[in-house]
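Tertiary structure, described
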Amino acid sequence: MTMKSLDLRGKLPANLIALLREISLISQGLGISSFVIGATARDLILGFGYNIKSPRATRDVDIGVAVSDWSSYEQLRKAFLESGNFSETRIEQRLIWQAAGRIVLDIVPYGAIESPKGQVAFPPDGGFVMTTHGFSEAENQTIEVIISDEVIIKVVSLAGLGLLKLVSFVDRPFERDRDVQDIWFVMKNYLDAGNEERIFAENGPYLDLLKNFDVELTGARLFGRDMAELLNEET
């Protein structure tokens, strides 16, 4: 069992709190489920949660949004723009938040909007296609992260992050070398991210991992098992 919640009150930069709060309020106001993915999720859990700093910084925030159709997606995108704190870019799913510093926001739709399952083709001509395999599975194991006294957001777990980055790399292996770097970084530090006690739990299900124990390799094996628990036949 991986972590269910993480308290980051007093640990995040003010501008990141403000952006995550705005994302949460707008999406919840429209009844749309959203969760943080990508390098920001990596940094929230490992960097701010466990003081494990990534060698690769990010100025982007990526979110997955569960929407039923393109009308719902456009309604969300319009709400972001009408807040007055976001501007458009030439890329359909990308906005720029500029209320307190410039942060790129990428919005990835998934769920009933997928056609065929595992893909979304952006209108008007469907020329831009994104792979969304694993998003629904990752959403089933998100972490509630407390960012302030008033705001709790959903963040993909490290296992879910690994799944999404593996899918992303397989989809475009010659463009997504950073995904492999992030998988390696999570794998290398997995035990130190609140998972070591699971290995040593008396009569626990992971006692076999103590044989030939090595912090990084054992953590990698546990990481793989946690990822496997997310998978269904399709993924």
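This write-up is about the structure you can find in this document. The model shown is predicted, which means the values in this text are computed figures rather than measured ones.

As a further point, take the side chain of Asp106. Here Asp106 shows up in strand 6 (residues 103-110). Its relative accessible area of 9% is what places Asp106 among the buried residues. A polar atom in the side chain of Asp106 sits 2.7 Å from the side chain of Arg94. Among all residues touching Asp106, those that are not within four sequence positions of it are Val61, Asp62, Ile63, Gln93 and Arg94.

On the surface, a cluster of nonpolar side chains totalling about 250 Å² of accessible area is made up of Phe200, Phe213 and Val215. One can find Phe213 in the loop between helix 7 (196-200) and helix 8 (215-230).

So, about the packing of helix 5 (residues 158-171) against helix 8. Closest axis-to-axis distance for the helix 5/helix 8 pair is 8 Å, and the angle between their directions is 80°. By the angle between their directions, the pair helix 5 and helix 8 is classed as roughly perpendicular. Along the contact surface, helix 5 presents Leu158, Ala159, Gly160, Gly162, Leu163 and Leu166, while helix 8 presents Phe223, Asp226, Met227 and Leu230. Looking at the contact of helix 5 with helix 8, its residues break down into seven nonpolar, two polar and one charged.

For the rest of this paragraph, the subject is the environment of Val145. When you line up the elements, Val145 lands in strand 9 (residues 142-146). Accessibility expressed as a relative area gives 0% for Val145, which makes it buried. A sequence separation of 45 residues divides Val145 from Ala100, and the C-alpha atoms of the two residues are 22 Å apart. Residues contacting Val145, with those up to four places away along its chain left out, are Leu6, Leu8, Val151, Ile152, Ile153 and Val155.

Turning to the environment of Ser168, a few remarks are in order. Structurally, the position occupied by Ser168 is in helix 5. Since its relative accessible area comes to 22%, Ser168 is described here as partly exposed. Distance in space between the C-alpha atoms of Ser168 and Met130 is 9.3 Å, their sequence separation being 38 residues. Every residue in contact with Ser168, bar those within four places of it in the chain, is listed here: Arg176 and Asp179.

Bringing the packing of helix 6 (residues 177-189) against helix 8 into the picture now. In the contact formed by helix 6 and helix 8, the axes pass within 7 Å of each other and the chain directions differ by 110°. As judged from the angle between their axes, helix 6 and helix 8 are roughly perpendicular. Here Ile183, Val186, Met187 and Lys188 of helix 6 lie close against helix 8, whose contacting residues are Glu216, Gly219, Ala220 and Phe223. Residue composition of the contact of helix 6 with helix 8, grouped by class: five nonpolar, one polar and two charged.

Procedures and definitions
- Position numbers for residues count from 1 along each chain, tracking the sequence in the order it is written.
- Predicted model: local features are reported for residues with pLDDT of at least 70 only, side-chain atom pairs are reported and counted for 80 or more only, and whole-chain, interface and lining totals are derived from all residues.
- Only hydrogens and water are removed before side-chain values are computed, so all heavy atoms of the structure are retained for them.
- Numbering of helices and strands runs from the N terminus; a helix is a DSSP stretch of H or I covering at least four residues, while a strand is a stretch of E covering at least two.
- Exposure classes here rest on a 1.4 Å probe applied to the protein chains alone. A residue is buried below 20% of its type maximum, exposed above 50%, and partly exposed in between.
- Counted as a polar contact is a pair of N or O atoms within 3.5 Å, where, for protein atoms, one must be capable of donating a hydrogen and the other of accepting one, and residues adjacent in sequence contribute only when both atoms are in side chains.
- Any two residues whose heavy atoms approach within 4.5 Å are treated as being in contact.
- Put simply, a patch holds well-exposed residues, over 30% relative accessible area, that have no salt bridge, with like charges counted together within 9 Å and Val, Leu, Ile, Met, Phe, Trp or Tyr side chains within 5 Å.
- Exposure was quantified through the Shrake-Rupley algorithm and a 1.4 Å probe, taking into account, for residues, occlusion by the shown protein chains and nothing else.
- Here, a salt bridge means any Lys or Arg side-chain nitrogen found within 4 Å of an Asp or Glu carboxyl oxygen.
- Interaxial angles span 0 to 180 degrees and are taken between N-to-C directions of axes, which are lines fitted to C-alpha atoms, for helices over the stretch in contact.
- Roughly parallel refers to an angle under 35 degrees, roughly antiparallel to one over 145, roughly perpendicular to one between 65 and 115, and oblique to any angle outside these ranges.
- In this classification, the charged set is Asp, Glu, Lys and Arg, the nonpolar set is Ala, Val, Leu, Ile, Met, Phe, Trp, Tyr, Cys and Pro, and all remaining amino acids, among them Gly, are polar.

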